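Here is what each chain is made of, one letter per residue.
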Amino acid sequence: SMAEDLGITQTGRAMLFSIAFAGVTVGGLLSGPVGDHIGRRPTLLWAHILICVFGTFCRWANTFYCMASLRFGLGIGLGLGI
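Residues numbered from 1 in each chain as written. Predicted model: local features only at pLDDT ≥ 70, side-chain atom pairs only at ≥ 80, totals over all residues. Heavy atoms only, no water.

Novice: What am I meant to see in the nonpolar core here?
Specialist: Grouped burial of nonpolar side chains is what soluble globular proteins tend to show. Counting nine residues, the largest nonpolar core is built from Ala3, Ile8, Leu16, Cys58, Ala61, Phe64, Met67, Ala68 and Leu70. The element that contributes the greatest number of residues to this core is helix H4 (residues 64–80), accounting for four residues. The contact partners of leucine 70, leaving out residues within four places of it in the chain, are Phe54, Phe57, Cys58 and Ala61. (Core = buried A, V, L, I, M, F, W, Y, C linked by side-chain atoms within 4.5 Å. Buried < 20%, exposed > 50% of the residue type's maximum accessible area, 1.4 Å probe, protein only. Helix = DSSP H or I, 4+ residues; strand = E, 2+ residues; numbered from the N terminus. Contact = heavy atoms within 4.5 Å.)

Novice: When you look at the environment of valine 26 in this model, what are you seeing that I'm missing?
Specialist: Examined against the element boundaries, valine 26 turns out to sit in helix H2 (residues 10–38). Along the backbone, valine 26 and glycine 75 are 49 residues apart, and their C-alpha atoms lie at a distance of 8.1 Å. Those residues in contact with valine 26, other than ones at most four positions away along the chain, are Phe72 and Ile76.

Novice: Can you walk me through the environment of cysteine 58 in this structure?
Specialist: Checked against the element boundaries, cysteine 58 lands in helix H3 (residues 40–59). Overall, the relative accessible area of 8% leaves cysteine 58 in the buried class. Residues cysteine 58 and histidine 37, 21 residues apart in the sequence, show an inter-C-alpha distance of 29 Å. Setting aside chain neighbours within four positions, we find cysteine 58 in contact with Met2, Met67, Leu70 and Arg71.

Quick look at the structure:
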């Protein structure tokens, strides 16, 4: 698994989940103002783009910190799509 390849412990896995949920929180807080400013449809399109880009780049993460930052970006995309 990816966690074994990166040498991530159980605590590190929990931290990655927490970081992703923090990104969802930030994205959720931003979705209303961004949707009001540029419109709902472009906001959802950007959310899908962020999910695709950050989700794909998570595949090539080679360190814990790289994975954490990419998971945060993925969470923002998920939050914008809510």
